[in-house]
Amino acid sequence: MIVYINSIKFNRSLVDGPGVRTVVFFQGCDLHCKGCQNPSTWNMKAGEQVCVEDLANLLKKEVVNRKITISGGEPLMQKDALIELINLLDGFDIALYTGHKKEDVPREVISKIKYLKTGPFVEELKTTTTPYMGSANQTFEEVK
């Protein structure tokens, strides 16, 4: 299966979940939030096509602490690829960032991730003091 990604930031993030994390930015977004920090992720066709299995193998090789955050764009736009990737990363500490509601996240995803950030970014509610969130309307929770 193919997944469209924007970029991968290896072992560099302290703000996308607990610990030092690698962030995989999925391509494509259906929300287009005003003030988005990643508008380059909106257009699905602007992303790089990668085989999900190849992406999983790369992450297994390069992410020595096994902590990743899947963000975007909007990862739920590629649900099947997201599910396949998470299944291939058994034993990883995974955080999923989505602008949608928790109810929109497939149960099979929630059962395999550790953290979930939900809610769209709202520029008027921007926060720099609440860990792991961009705006005060969002929630970040441990689900496993």
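Our structure's up above, just so we're on the same page.
Residues numbered from 1 in each chain as written. Predicted model: local features only at pLDDT ≥ 70, side-chain atom pairs only at ≥ 80, totals over all residues. Heavy atoms only, no water.

1. So, the pairing of strand β4 (residues 67–71)
The buried fraction of β4 amounts to four of the five residues, a majority that puts the element mostly inside the structure. Note on the crossover from β4 through helix α2 (residues 79–88) to strand β5 (residues 93–97): the handedness is right-handed. (Buried < 20%, exposed > 50% of the residue type's maximum accessible area, 1.4 Å probe, protein only. Helix = DSSP H or I, 4+ residues; strand = E, 2+ residues; numbered from the N terminus. Right-handed = clockwise from strand over helix to strand, strands pointing away.)

2. Comments concerning the packing of aromatic side chains
Under the criterion given, the structure shown has three aromatic pairs. Where Y97 meets F140, the ring centres are 6.2 Å apart and the plane angle is 65°; that geometry is what we call edge-to-face. Of this pair, Y97 sits in strand β5 while F140 is found in strand β7 (residues 139–142), placing the two residues 43 residues apart along the sequence. For Y97, a relative accessible area of 8% translates into the label buried. Relative to F140, the ring of Y115 has its centre 5.4 Å away and its plane inclined at 20°; by these criteria the two rings are stacked. Taken together, the residues span a long stretch of sequence, with Y115 in strand β6 (residues 115–118) and F140 in strand β7 at a distance of 25 residues. (Phe/Tyr/Trp six-rings, centres within 6.5 Å; stacked < 30°, edge-to-face > 60°.)

3. Some thoughts on the pairing of strand β1 (residues 2–13)
Pairing of β1 with strand β3 (residues 48–51), which is carried by four bridges, proceeds in the antiparallel orientation. Along β3, the bridge assignment pairs V3 with V50. Note: β1 against strand β2 (residues 21–26), five bridges, orientation antiparallel. In the strand pairing of β2, S13 is matched with R21. (Pairing = 2+ DSSP bridges.)

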